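# Topology and contacts: notes
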Amino acid sequence: MAAVIAMLEELRDVAPLTAEGAAARFTAQEWMPGGKPRNGVETSWDKDGVGGWIQTFASGAVSVSFAVWIRDVDESGYFDDLEAVYEQGEQALADFLPEIEESSLAGHLVEAEQTAADKDEFIAVKKWTLDGRILTAGVIQQDTDLPVMVVVALEEPGAA
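The text that follows walks through the structure, step by step, so that each part is easy to find. (Residues numbered from 1 in each chain as written. Predicted model: local features only at pLDDT ≥ 70, side-chain atom pairs only at ≥ 80, totals over all residues. Heavy atoms only, no water.)

Before going further, it helps to spend a moment on the layout of surface pockets. What the second largest pocket holds in volume is close to 150 Å³. Around the second largest pocket sit Thr18, Ala19, Glu20, Arg38, Asn39, Val41, Thr43, Ile54, Thr56, Gly60 and Val62, which together line it. Elements supplying a minimum of two residues to the lining of the second largest pocket: helix 2 (19-28) and strand 5 (50-56). By residue class, the composition of the lining of the second largest pocket is four nonpolar, five polar and two charged. (1 Å grid on protein atoms, 1.4 Å probe; cavity = no way out; pocket = protein on both sides within 12 Å on 5 of 7 lines; lining within 4 Å. Points joined across faces, edges and corners; volume = space filled by probe spheres on them. Helix = DSSP H or I, 4+ residues; strand = E, 2+ residues; numbered from the N terminus. Nonpolar A, V, L, I, M, F, W, Y, C, P; charged D, E, K, R; others polar.)

What follows is the structure in structure tokens.
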């Protein structure tokens, strides 16, 4: 997950966090664009099998997220053993957290409290503040027929 850590380090220097600034950092770190421009800015990126996305909200806030582990649904459109898949995701998250917490970001991370919304949205989650922004790493499945993923997101406070 070195590519994600490197991007998070790069994004620390983008102030304010903008879609254009984030896209420039993806390009500088040699991520491949995914052909999903929005408002003239590439929003989908890939490097070493990791997907990255830039999302801009109506408020102007920007979130940059990464899918670092994905388990897709089976042929039936569901999982035969959903709890086992959740456990695999939780293990992938547990394996990834030390990479964040022991990286060059460590001196800038302050553990943050989980909100009720976090507990509803994530199967397992850990949050920090990083130089005034929110850094979240968690296991998520947004709908029963969608993949289970470990995601990492950096966003400005108040982004929804």
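All of the buried residues along helix 2 are Ala19, Gly21, Ala22, Ala23 and Phe26. On the buried face of helix 2, the contacting elements are helix 1 (2-12), strand 3 (41-42), strand 4 (44-47), strand 5 and strand 6 (62-71). Positive phi shows up at Glu30, right after helix 2, with a value of about 65°. (Buried < 20%, exposed > 50% of the residue type's maximum accessible area, 1.4 Å probe, protein only. Contact = heavy atoms within 4.5 Å.)

What follows concerns the sheet that holds strand 6. If you trace the eight strands from one edge of the open sheet to the other, you get 1-4-5-6-10-9-8-7, paired in antiparallel fashion. Each having just a single partner strand, strand 1 (32-33) and strand 7 (109-112) make up the two edges of the open sheet. Sheet topology places strand 8 (residues 122-130) next to strand 9 (residues 133-140); eight bridges connect them, and they run antiparallel. Counterpart to Val125 in the pairing with strand 9 is Gly138. In the packing of helix 1 onto the sheet, contacts are made with strand 4, strand 5, strand 6, strand 8, strand 9 and strand 10 (148-155), and the angle to strand 6 comes to roughly 175°. With respect to the sheet, helix 2 is in contact with strand 4, strand 5 and strand 6, its orientation differing from that of strand 5 by roughly 160°. (Pairing = 2+ DSSP bridges. Axes fitted to C-alpha atoms, helices over the stretch in contact; angles between N-to-C directions.)

If you look at the biggest cluster of nonpolar residues, it comprises 41 residues, and the most contacted ones within it are Leu11, Ile54, Val64, Phe66, Ile100, Leu135 and Val152. Among the elements of the structure, helix 1, helix 2, strand 5, strand 6, helix 3 (82-101), strand 8, strand 9 and strand 10 are those that each provide at least two residues to this core. Considering every element that reaches this core, the biggest residue donor is helix 3, with seven residues. Counting six residues, the second-largest nonpolar core is a separate cluster that includes Ala67, Phe122, Met149 and Val151. (Core = buried A, V, L, I, M, F, W, Y, C linked by side-chain atoms within 4.5 Å.)

Turning our attention to the pairing of strand 5. Relative to strand 5, strand 4 runs antiparallel, the two sharing four bridges. Bridge pairing in strand 5 links Ser44 to Trp53. Following strand 4, the chain reverses through two residues before pairing antiparallel with strand 5; Asp48 in that reversal takes a positive phi of roughly 55°. Direction of pairing for strand 5 relative to strand 6: antiparallel, over a ladder of six bridges. Opposite Thr56, over in strand 6, you have Val62 as the bridge partner.

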